[in-house]
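Residues per chain, in single letters:
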Amino acid sequence: MPGYHPYSEAEAIELARSFPDVFSPEAELSCREIGDGNLNLVFHITEPATGKGLIIKQALPYVKVFGESWPLSIDRARIEGEALKIQHALAPELVPQVFLTDHEQAITVMEDLSDHVILRKGLMDRTVYPRFAGDISTFLAQTLFFTSDLGMSQQEKKLRQQAFVNVELCQITEDLIFDEPYREHERNNYEDAIADEAAALRSDGALRTEIALLREKFLTRGEALLHGDLHTGSIFALPDSTKVIDPEFAFYGPMGFDIGAVIANLLLNYAGQEHWSADEPSRKEYREFLLETVRGTWTQFSAKFRTLWDEHGKDPVFSNAPGYQDLYMERLLQDTIGFAGAKMVRRVVGFAHVADLDTIPDDAVRERAKRLALAIGKELIRQNRSIRSIEQAIDIALTAAAR
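Below is a summary of the structure that appears in this document. What you are looking at is a predicted structure, and each value in this text was computed from that prediction instead of being measured. (Residues numbered from 1 in each chain as written. Predicted model: local features only at pLDDT ≥ 70, side-chain atom pairs only at ≥ 80, totals over all residues. Heavy atoms only, no water.)

### Topic: the packing of helix α10 (residues 280-312) against helix α15 (residues 390-402)
Viewed as axis vectors pointing N to C, α10 and α15 meet at an angle of 160 degrees, and their least axial separation amounts to 10 Å. Judged by the angle between their axes, α10 and α15 are roughly antiparallel. In this structure, α10 meets α15 at a crossing whose hand is right-handed. Judged by residue contacts, R287, L291, V294, R295, W298 and T299 of α10 engage I390, E391, I394, A397, L398 and A401 from α15. For the contact of α10 with α15, the class distribution of residues is eight nonpolar, one polar and three charged. (Axes fitted to C-alpha atoms, helices over the stretch in contact; angles between N-to-C directions. Helix = DSSP H or I, 4+ residues; strand = E, 2+ residues; numbered from the N terminus. Parallel < 35°, antiparallel > 145°, perpendicular 65-115°, else oblique. Left-handed = near helix turned anticlockwise from the far one by under 90°. Contact = heavy atoms within 4.5 Å. Nonpolar A, V, L, I, M, F, W, Y, C, P; charged D, E, K, R; others polar.)

### Structural notes on the pattern of salt bridges
Following the criterion strictly, the structure yields 38 salt bridges and no others. A salt bridge links K370 to D358; the shortest N-O distance between them is 2.8 Å. Residue K370 is found in helix α14 (residues 363-383), and its partner D358 is found in helix α13 (residues 355-358); the two are separated by 12 residues along the sequence. For D358, a relative accessible area of 34% corresponds to the partly exposed category. Each of K57, R76, E80, D246 and E248 takes part in salt bridges that share partners, so that together they form one network. (Salt bridge = Lys/Arg side-chain N within 4 Å of Asp/Glu carboxyl O. Buried < 20%, exposed > 50% of the residue type's maximum accessible area, 1.4 Å probe, protein only.)

### A short note on the sheet that holds strand β10 (residues 235-238)
Pairing within the open sheet is antiparallel, and its three strands lie in the order β8-β10-β11. Edge positions in the sheet fall to β8 (117-118) and β11 (241-244), since each has one partner strand and no second. Sheet contacts for helix α4 (residues 132-145): β10 and β11; angle to β11, the most-contacted strand, approximately 35 degrees. (Pairing = 2+ DSSP bridges.)

Structural data, given as structure tokens:
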């Protein structure tokens, strides 16, 4: 990495000054390093006098929580920057604008979204987002269709795939989601209170077979350019606005993985409402909103994706084969449900959890919420290949919560 070094706050401010459309050269600027993830430095540069700001994100050459004992290539910053540009071009209202990518320093400079709230926090605060299902379904339909063999030249797609070979971050996903939770592993992380659940995962042969099938899809199906880590911590939201960030896990993979990630995180919050809702009536009301958002995410995505296919489909074989579109969408729903279940399970027993569950202060309530999340996740995995409607997935959540 010749020339690379982690930036200081002072260096971040100096870089920010080079954007005259954002800050005047003599502006008084302040800087905070706000990165709370595992992989990056994130500098928030602001001009208090005007309220203007921007974000400077720099990839570190290792996993922050492990330090240099877990090295990572900084090429992921190039992948993230290029993915953001493509996604912004396809869904400009839903992705921040990128001002600069510096591959040598692994830096991406982008629009400041500090007026928005991280969606995970908003859901924990029981905020209602009436536009979210519509917005995220548009993002998914636009970015997945137009980067797939359905919506772009297949030769161009093959060339583009080369630029998004994301070996190290894909391995993280492969290990943390499709391997480690189903065997004894030092990175697994769960409380003694649910050790029986972790043991049950390891001994459930039928479940592990379904996980093997999902892992095979993740490894072999390069259907479209994925965000790759589309959880509610990678989405900023307001009741009337949605912005998708952080596609550093971007690669060409199975579309259902991105859609499933959104649904999984809505359902993890659904389980967490054991605590975040103060009483049963409010819990029922907010869970209805969450399930309606799950329903809307899939149904609106499906309708928009089919319309794009009908109007912009590039391949005459795919467009003129009777019934092919229906079969494709049915399989995509099944993939979505299976991947959603896998992502739920890993967030309870594997490495890297979610605040929706882990920050519940009461031990008994936290255990109850985690068992509910596992019950939903496992059943989504078990049933994924027989799912024919999003209503079946919603019924799985309702049945688990009623026990």
